[in-house]
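Okay, here's what each chain looks like letter by letter:
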Amino acid sequence: KVSVTFVFNASRRFEDVDRLSEELLRLAASDADVEIHSIHAHLNAVSPHDNAIYGREGTWEQVWPAASFTGYDWPESGLVKERLYEGGPLLRFAPPTFRQANLTQFAEIVKKIVTFVPKRSRVLELYAGVGTISAHLTTTRHVLVRASDENPYNARCVPDSIAYTTSPASDQIQAIDDADVVIVDPPRKGLCQPVLDKLTRRRKTTARRKLRLIYVSCGFDAFQRDL
């Protein structure tokens, strides 16, 4: 099965989407080895400050089949399975989930993160994606991990060893109080304001035990601001 997305670097819908979709479906119908699962259009008006991928109103449109279609539970055979390195946990990715473009480099990041997480600690990961970092912590450090991300398609891919919640990071800020280690891997725009505010208040509260924060940065300017 193939999930197709037309991406336009623009803020308005292109009329060509319908024509392209019809052509695609016609070609697929003539090839017994190809089955179209769904067709989407993604309007991504790129700017230096934003890159809307998931969870933004008005950026995604389901072109085919009809918008009422809800068949998004990809079977196990429809998930891509990869390991960051030999012997590491098996990661799973569905078509509409985020995957690091350079898994080799990300493997080095994950290996470094693991060294900063004490064994048997309570870990909270925000902006967790399919749980790539968390999966490595549960298998190598034997820690209790809670994780969340707003993309609804991640849950199908997250390992059972992780207590996972589909929600934006801002909805999970109270869980910071119960964590020994907080890991954040936000998009290029950096931390959302509620998370930043909570971490700042938590740091200034001397009556509570210390909190270790691990920040994986996708945008250096945002990282400088958050720091």
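See the structure printed just above.
Read on for a plain summary of the structure. (Residues numbered from 1 in each chain as written. Predicted model: local features only at pLDDT ≥ 70, side-chain atom pairs only at ≥ 80, totals over all residues. Heavy atoms only, no water.)

### Some remarks on the packing of aromatic side chains
By the definition in use, this model includes two aromatic pairs. On the numbers, 4.9 Å between centres and 70° between planes, the contact of Tyr215 with Phe223 is edge-to-face. The exposure class assigned to Phe223 is partly exposed, which follows from its relative accessible area of 24%. Note on Phe220 and Phe223: the rings are 6.3 Å apart at their centroids and 35° apart in plane angle, and the pair reads as tilted. Placement of both Phe220 and Phe223 in helix H5 (residues 220–226) is noted, with a separation of three residues, approximately one turn of the helix. In textbook terms, an aromatic cluster arises when at least three aromatic residues are bridged by ring pairs, as seen for Tyr215, Phe220 and Phe223. (Phe/Tyr/Trp six-rings, centres within 6.5 Å; stacked < 30°, edge-to-face > 60°. Buried < 20%, exposed > 50% of the residue type's maximum accessible area, 1.4 Å probe, protein only. Helix = DSSP H or I, 4+ residues; strand = E, 2+ residues; numbered from the N terminus.)

### Remarks on the environment of Glu108
The topology assignment puts Glu108 in helix H2 (residues 103–115). Taking relative accessible area as the criterion, Glu108 reaches 43% and is therefore assigned partly exposed. In this structure, the C-alpha to C-alpha distance between Glu108 and Tyr85, residues 23 residues apart in sequence, is 9.4 Å.

### Brief notes about the nonpolar core
One finds Leu84, Ile113, Val117, Val123, Ile133, Leu137 and Ile183 to be the most contacted residues of the largest nonpolar core, which totals 29 residues. Mapped by element, the contributors of at least two residues to this core are strand S5 (91–93), H2, helix H3 (132–140), strand S7 (144–149) and strand S9 (181–184). When residues in this core are grouped by element, the largest group, six residues, is from H2. Those residues in contact with Ile133, other than ones at most four positions away along the chain, are Phe106, Val110, Ile113, Glu125, Ile183, Asp185 and Val216. (Core = buried A, V, L, I, M, F, W, Y, C linked by side-chain atoms within 4.5 Å. Contact = heavy atoms within 4.5 Å.)

### What about helix H1 (residues 16–29)?
Taking 1.5 Å per residue as the helical rise, H1 with its 14 residues ought to reach 20 Å, and the 20 Å between its terminal C-alpha atoms agrees with that figure. Of all the residues in H1, the buried ones are Val17, Ser21 and Ala28. Around the axis of H1, the buried residues are gathered within 35° of arc, so they sit on the same side. Across H1 from its buried face, at more than 90 degrees, point the exposed residues Glu22, Arg26 and Leu27. Of the surrounding secondary structure, the elements contacted by the buried residues of H1 are strand S1 (2–8), strand S2 (36–43) and strand S3 (60–64). (Expected span 1.5 Å × (residues − 1). Arc of directions from axis to C-beta.)

### Some details on the sheet that holds strand S8 (residues 163–166)
The parallel open sheet is built from five strands, whose spatial order is S8-S7-S6-S9-S10. Each edge of the sheet is formed by a strand with only one pairing partner; in this case those strands are S8 and strand S10 (212–215). Here the average twist between neighbouring strands, direction ignored, is 15°. Sheet topology note: the S7/S8 ladder contains four bridges and is parallel. Within S8, the residue paired with Ala147 across the bridge is Tyr164. The strands touched by H3 within the sheet are strand S6 (122–126), S7 and S9, with S7 carrying the most contacts at an inclination of about 170°. (Pairing = 2+ DSSP bridges. Axes fitted to C-alpha atoms, helices over the stretch in contact; angles between N-to-C directions.)

### Quick notes on the sheet that holds S2
The mixed open sheet is built from three strands, whose spatial order is S1-S2-S3. Two strands close off the open sheet at either side, each with one partner strand: S1 and S3. Taking each pair of neighbouring strands and ignoring which way they run, the sheet shows an average axis angle of 25°. Relative to S3, S2 runs antiparallel, the two being bridged by four bridges. If you follow His42 over to S3, its bridge partner there is Trp60.

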